[in-house]
Amino acid sequence: MQLFAFLTGLALATALWSGVQAINAEARASYDAAAATLGEGQFDQIAPRVGDTIAQADYLSLRRQGWLVSPIIEGDLGGVRLLGFDPLSSPAGFGVGQVAGTGDLGAFLNPGQLFANAETAAQLVVSVPVVIDPTIAPGIAVGDIGVVQRLLGRSDISRLLVQSDQPMQRPELSDVAPHLRLQAAGQTADMGELTDSFHLNLTAFGLLSFAVGLFIVYSTIGLAFEQRRGMVRTLRALGVPLSRLISLMVAEVLLLAFVGASIGIVLGYAIAALLLPDVAMTLRGLYGAEVAGTLQFRFSWWGSGLAIAVIGAVAAAGIRLLQIARMPLLASARPRAWAMTSVRAQRVQAICAGILLGGACVLALAGQGLTAGFALLGCFLVGAALLLPLLVRPVLTLAERVAKGPVARWFWADTRQQLPGLSLALMALLLAISANIGVATMVSSFRLTFVAFLDQRLAPELYVEAADEAQAYAIEDGMMAQGVTVLPLLTVETEVADLPARLFGVRVGPTYRENWKFLDAVPDAWDQVNAGQAAVTNEQLARRANLWVGDDIDIAPGLSLPIAAIVADYGNPRGQVVVSEALFRDLHPDVTPRQFGLRTDDPVAARHVLTSDLGVDDGAITDQAALKAFSLQVFERTFTVTAALNVLTMAVAGFAMLMSLLTLADLRVPQLAPVWALGLTRRRIGRLELLRAVVFAVVVCLFALPVGLGLAWVLLAIINVEAFGWRLPMFLFPLDYARLGLYAMLAAVAAAVWPAVRLMRTPPSALLKVFAHER
Amino acid sequence: MKTKAQILHLSGVEKSFDGADGPVPILRGVDLSLAAGETLALTGESGSGKSTLLHIAGGLEMADAGAVHVAGHDLTGMSDTQRAAVRCTEVAVVFQQFNLIPSLTVADNISFQARLAGRVDGEFVADLARKLGLTEQMRKYPEALSGGQQQRVAIARAIAARPKVLLADEPTGNLDESTAADVLGQLLALVAETGAGLMLVTHSPAIAARMDRQLHLSKGRVA
Ligand SMILES: Nc1ncnc2c1ncn2[C@@H]1O[C@H](COP(=O)(O)OP(=O)(O)O)[C@@H](O)[C@H]1O
Ligand SMILES: [Mg+2]
């Protein structure tokens, strides 16, 4: 039984921890591979100031002027990112999988192959041979620039890699090609950094679970030692040295820790493998980051899992062993309540809780950045957990005072007496419920907001994408002739307020006026935008640029407009600026709209006209419902991971409760025997034990509600803003909380059932032994 | 054989425990009766089965065979709940140690069984506490009391419940001699006041000599 508990506890703890670490390690490895493949962060790059292509002529003139640059082309082919580069001019150390490692450039030049990992290769439908190279980042295929240009049907260049060593005498970039800009190596968006918050989130949950798991180990070791006190005493009395006993027990703990941790790592692998596809989907949806869908067994996570499990188990055992070492030789073998807390310990606990909660307040008011956000979260949760027993005690005392009958009075008094022994388990339960409430609030708030947001953003009934410029004009004219409102989407990649952003030109009309809900705006925002005198930005851009409504924002060289409104833009990491169609066409006369939103009462008819009369591919038309469904799906997936971890945390908390109750079970017998002897049946006492678990769960739930809502607030108003750039409104979901409370109650009762049944089955003679003289 | 004054009556009680090689008989047909107001000493060697007999008489354990009548109730064939009710209302037990409920104060401990039986009497309890010198201790918890004080609380609780049968299993076995004599004296005085029947297990001939009647348990039978 103890062995089972010990191994389960340690295995659960290690499983959650190493599972999360495995996911993180896999994602990090994917980012690193991507960065290496794309040369991001490694080399300075030259990119266009506006748009995403560089003309061949610019490249040639740069080379002629002495710039040592190498062309890169990127493009999308059937969902795979194709990357073409020039093996001859590319800088040394620009790693493209094994090709770079072996220096086998010949293979590159001759047959015109592509290189990709097995998963990506299976997705590729191309006319050239694909060589499998597992070191290439997921979702990417690389090849010679000529091959890729041919496959993409393009002749331009996406960006230029700049060699580290450049000739001294060369003209400034602004003189050769003023429309290009130089990006320093560090400046390019680093996927690792962008997704850090997500992984931090996972790590926080992993750590929480691990702490709870370790606690299980601690109580199990306590249980084991408690039951061995008699044996230790006898052996010591027989002259076995204490040091020998202790080293034996340490060896035993170590052995078991290894076994438990190994089981945990296997479980962790299973959890990670199960969750990884969802995580990969989430990261793709949220950040556009590619993560491999399959898991590799990396030392970094299983090694750390093993180490932390063994260290944790030994630390937990160490505390218990210290208690054994201090035990007087002839101390009674009767189980004593080690768990009793003194008034002093309570005071220390209160002070710690105060400091942590104070720290949380300071961080909430003055903290900056994601790390401060998570520190705030940590302080708040641990502080609240420490406070829990201190607040529950007076409640139970009050209940005892108010109680009428003798059994009720005893019940409350006894519940209070159980508090110190159970407080760790109760804290674990508190953390689990609060995390559940917090995350449920965040997820549901997010969903509500997001659905409303989709409704306003995806107002047009149909979206259509033109294959080329000619078709674009045909669509616009043809649809307008049908009386359909056409909303062209003019868009270009650019820099706004020195930040990368996407500029949109919109045809201001009822669709925008009626559907867009602003976070903040001047009264006649759309009129000003329509007049070309103002712009609308999304929230994340405004926050990043530290601008708000009324501030001027630099839209283009020499053009700066006041912000007329800020619009919420969830699920998109990028900055966006919206100006009027006319202004956009002035700024970028070369950009023609390829995408159109169509407002029509009869989408079916419009679709028919598009496909049969205008020759648009059916696949180029998206109806609003499908788009919404897809967007929602991405977001559902986003939280599957967190929700799964939440459920696991709750299960672990229930298990912690069970372990505590079992540890206390031996101490319970002398406490309950007198009550039984005085006329309560074992059945009734067992039922009261169950009721006690319910009482604890209710009290913890009541306390968890404000803690969970606090957590939700921190997540929505602080962590989200720091990590994603948007702040979400918070909604309350009383029904969800009630259901969570019910689950918590079930978990507590489930944990209490076994000990209670064991108690009910205790033979009277075992109870009567309590009163007998020790033989 | 059963008369009106008899509040405890055992006949042909047998009990055996599972040993290493089959059941070991401890009681082999015990007959015993106790009248109201009577005090009875049960003596015997250690391991002779005195405590077992007392537990069976108090409805705490079941006999394998034989009949047990407590205050007119036939315990044989009673349900757990029914026996618990008899235990609560008709019997009070003072054990050798750990009689008290650790989470309740002395005051609550003393009145616990009486309240459970529905006969709490505040004045009576206060009077008991005074007689046993516990007035100062009423708000303390059991762990703060000495062994002698704890046994006095147990006696106070037993008396406060006004049982018909009072069972005591070496109630002074853990106390030093002079304290033991004091506590025993107080117990006998209170029993005399309430008119309950007392069966007291002891291995001390001196204590046994202070009872109305003595029974010796040996080889599973009383004599
Ligand atoms: N629950 C039990 N299981 C097995 N043997 C028991 C049990 N209770 C008591 N015994 C045995 O029954 C015998 C009588 O015990 P007990 O009634 O406590 O004796 P006494 O009180 O006279 O010293 C002892 O040998 C004891 O070991
Ligand atoms: Mg005995």
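These numbers come from a predicted model, not from an experiment. (Residues numbered from 1 in each chain as written. Chains lettered and ligands numbered in written order. Predicted model: local features only at pLDDT ≥ 70, side-chain atom pairs only at ≥ 80, totals over all residues. Heavy atoms only, no water.)

For the rest of this paragraph, the subject is the overall build of chain B. Regarding its fold elements, chain B presents seven helices and 10 strands. The C-alpha radius of gyration computed for chain B amounts to 17 Å, which stays within 12% of the reference 17 Å derived for 223 residues, consistent with globular compactness. Projecting the C-alpha coordinates of chain B onto the three principal axes gives extents of approximately 50 × 35 × 35 Å. Across the 223 residues that make up chain B, the buried fraction comes to 55%. Surface exposure of chain B reaches about 9,400 Å², of which carbon and sulfur atoms provide 50%. Of the side-chain charges in chain B, 21 are positive and 24 negative, and the distance between the mean point of each set is 4 Å. (Helix = DSSP H or I, 4+ residues; strand = E, 2+ residues; numbered from the N terminus. Rg over C-alpha atoms; globule rule 2.2 N^0.38 Å. Buried < 20%, exposed > 50% of the residue type's maximum accessible area, 1.4 Å probe, protein only. Areas by Shrake-Rupley, 256 points an atom, 1.4 Å probe, with all protein chains shown as cover. Lys, Arg positive; Asp, Glu negative; His and termini not counted. Charge placed at Lys NZ, Arg CZ, Asp CG, Glu CD.)

Looking now at the overall build of chain A. On a plain count of helices and strands, chain A comes out with 23 helices and 18 strands. Taken as a whole, chain A presents about 33,100 Å² of accessible surface, with 61% of it coming from carbon and sulfur.

Turning next to a negative patch on the surface. A cluster of like negative charges, contributed by A:Asp498, A:Asp551, A:Asp552 and A:Asp554, occupies part of the molecular surface. On the secondary structure map, A:Asp552 appears in strand 14 (residues 552–556). (Patch = residues over 30% accessible without salt bridge, like charges linked within 9 Å, V, L, I, M, F, W, Y side chains within 5 Å. Salt bridge = Lys/Arg side-chain N within 4 Å of Asp/Glu carboxyl O.)

Residues and elements named next belong to chain B. If you trace the six strands from one edge of the open sheet to the other, you get 6-7-8-3-9-10, paired in mixed fashion. The open sheet terminates on both sides in strands that have one partner only, identified here as strand 6 (91–94) and strand 10 (221–222). Bridging between strand 9 (residues 213–218) and strand 10 involves two bridges; their strand directions are antiparallel. If you follow leucine 217 over to strand 10, its bridge partner there is valine 222. (Pairing = 2+ DSSP bridges.)

Let us now look at the site of ligand 1. Taken together, 12 residues lie around ligand 1, and B:Gly47, B:Gly49, B:Lys50, B:Ser51 and B:Thr52 are the ones closest in. In this structure, ligand 1 is bordered by residues of chains A and B. Interatomic distance of 2.7 Å between a backbone N/O atom of B:Gly47 and an oxygen atom of ligand 1. B:Thr52 is positioned such that a nitrogen or oxygen atom in its side chain is 2.5 Å from an oxygen atom of ligand 1. Coverage of ligand 1 by the protein chains reaches 70% of its 560 Å² of free accessible surface. Sorting elements by how many residues they give to the shell around ligand 1 places helix 1 (residues 50–57) of chain B first, with three residues. Taken together, the residues of the shell around ligand 1 break down into two nonpolar, seven polar and three charged. (Near = heavy atom within 4 Å. Polar contact = N/O pair within 3.5 Å; in protein donor to acceptor, adjacent residues only side chain to side chain. Nonpolar A, V, L, I, M, F, W, Y, C, P; charged D, E, K, R; others polar.)

All told, the structure shown has six aromatic pairs over all chains when counted by the stated rule. Aromatic pair A:Trp516 and A:Trp526: ring centres 5.7 Å apart, planes at 70°, arrangement edge-to-face. Remark: A:Trp526 occurs in helix 16 (residues 525–530) and A:Trp516 occurs in the loop between helix 15 (510–515) and strand 12 (518–521); sequence separation between them is 10 residues. Take A:Trp516: its relative accessible area is 12%, and that puts it in the buried class. When the centroid spacing of 5.6 Å and the interplanar angle of 40° are considered together, the rings of A:Phe518 and A:Trp526 count as tilted. You can call A:Phe518 partly exposed: its relative accessible area is 23%. Joined through ring pairs, the aromatic side chains of A:Tyr512, A:Trp516, A:Phe518 and A:Trp526 make up one cluster. In this structure, B:Arg87 packs its charged tip against the face of A:Trp676, placed 4.8 Å from the ring centre. (Phe/Tyr/Trp six-rings, centres within 6.5 Å; stacked < 30°, edge-to-face > 60°. Lys NZ or Arg CZ within 6 Å of the ring centre and 35° of its normal.)

Further remarks concern the nonpolar core. Judged by nonpolar contacts, the single largest core of 123 residues is most densely connected at A:Trp410, A:Ile433, B:Leu32 and B:Val70. B:Leu132, B:Ala156, B:Leu175 and B:Ala208 belong to the second-largest nonpolar core, a separate cluster that totals 37 residues. (Core = buried A, V, L, I, M, F, W, Y, C linked by side-chain atoms within 4.5 Å.)

All names here are of chain B. Axis separation between helix 4 (residues 122–131) and helix 5 (residues 147–160) bottoms out at 10 Å; the angle between their running directions is 150°. Taken together, helix 4 and helix 5 sit at an angle that is classed as roughly antiparallel. The two elements helix 4 and helix 5 cross, and the hand of that crossing is right-handed. Two secondary-structure elements touch here, helix 4 through Phe124, Val125 and Leu128 and helix 5 through Ala156, Ile159 and Ala160. Across the contact of helix 4 with helix 5, the residue classes tally to six nonpolar, no polar and no charged. (Axes fitted to C-alpha atoms, helices over the stretch in contact; angles between N-to-C directions. Parallel < 35°, antiparallel > 145°, perpendicular 65-115°, else oblique. Left-handed = near helix turned anticlockwise from the far one by under 90°. Contact = heavy atoms within 4.5 Å.)

What follows is about the pairing of strand 17 (residues 595–599) of chain A. All names here are of chain A. Note: strand 9 (residues 462–465) against strand 17, four bridges, orientation antiparallel. Within strand 17, the position partnered with leucine 462 by the bridge is leucine 598. As paired elements, strand 10 (residues 485–496) and strand 17 share five bridges and run antiparallel to each other. Across the sheet, leucine 489 pairs through a bridge with glutamine 595, a residue of strand 17.

Residues and elements named next belong to chain B. Taken together, four strands build an open sheet; the order of strands is 2-1-4-5 and the sheet is antiparallel. With one partner strand each, in any of the chains shown, strand 2 (22–35) and strand 5 (73–74) form the two edges of the open sheet. In this sheet, strand 2 lies alongside strand 1 (residues 6–19) in antiparallel orientation, the contact comprising 11 bridges. Its bridge partner being in strand 2, leucine 8 is matched across the sheet by leucine 34. Helix-sheet contacts for helix 1 involve strand 1, strand 2 and strand 4 (65–70), and the interaxial angle to strand 1 is about 125°.

All right, on to the confidence of the model for chain B then. Residues and elements named next belong to chain B. Scored by pLDDT, chain B comes out at a mean of 89, with 98% of its residues at no less than 70. Averaged pLDDT values for the elements of chain B fall to 86 in strand 10 and rise to 94 in strand 8 (residues 197–201). Across the interface, the model reports ipTM at 0.93; the global pTM reads 0.70. (pLDDT = per-residue confidence, 0-100.)

Moving on, we come to unusual backbone geometry. In terms of backbone geometry, most residues other than glycine have negative phi values and most peptide bonds are trans. Residue and element names in this part refer to chain B. Even without glycine at this site, glutamate 170 takes up a positive phi of about 40°. Within the fold, glutamate 170 resides in the loop between strand 7 (165–169) and helix 6 (177–194). Unusually for a residue other than glycine, lysine 219 sits at a positive phi of about 55°. Its location among the elements puts lysine 219 in the loop between strand 9 and strand 10.

Let us look at the interface of chain A and chain B. With 31 residues of chain A at the interface, the matching set in chain B holds 27 residues. Summed over both sides, the interface of chain A with chain B buries roughly 2,500 Å², with 61% coming from carbon and sulfur. Run the count over chain A and chain B and you get two salt bridges. One salt bridge connects A:Arg409 with B:Asp108, and the closest N-O pair in it is separated by 3.3 Å. On the surface where chain A and chain B come into contact, there are 10 residue pairs in polar contact (both at pLDDT 80 or more). At the level of secondary structure, the elements contributing two or more residues to the side of chain A that touches chain B comprise helix 13 (406–457), helix 20 (624–677) and helix 23 (764–769) of chain A. (Buried area = accessible area lost by both parts, 1.4 Å probe.)

This brings us to a nonpolar patch on the surface. A surface patch of nonpolar side chains, amounting to about 340 Å² of accessible area, comprises A:Leu255, A:Val259, A:Ile263 and A:Leu267. With respect to the helices and strands, the residue A:Leu255 is situated in helix 9 (residues 242–287).

Glancing now at helix 1 of chain B. Residues and elements named next belong to chain B. Within helix 1, seven of the eight residues are buried, which leaves the element mostly enclosed by the surrounding structure. All of the buried residues along helix 1 are Lys50, Thr52, Leu53, Leu54, His55, Ile56 and Ala57. One or two steps after helix 1, the chain reaches glycine 59, where phi turns positive at roughly 70°.

Residue and element names in this part refer to chain A. Evaluated as defined, the whole model comprises 24 salt bridges over all chains. Close ionic contact of glutamate 493 with arginine 502 constitutes a salt bridge, the shortest N to O distance being 2.9 Å. Given a relative accessible area of 16%, glutamate 493 falls into the buried group. A salt bridge links glutamate 539 to arginine 543; the shortest N-O distance between them is 2.7 Å. On the criterion of helical spacing, the pair formed by glutamate 539 and arginine 543 is a turn pair, its members being four residues apart in helix 17 (residues 539–545). Looking at arginine 543, the relative accessible area reads 32%, which means it is partly exposed.

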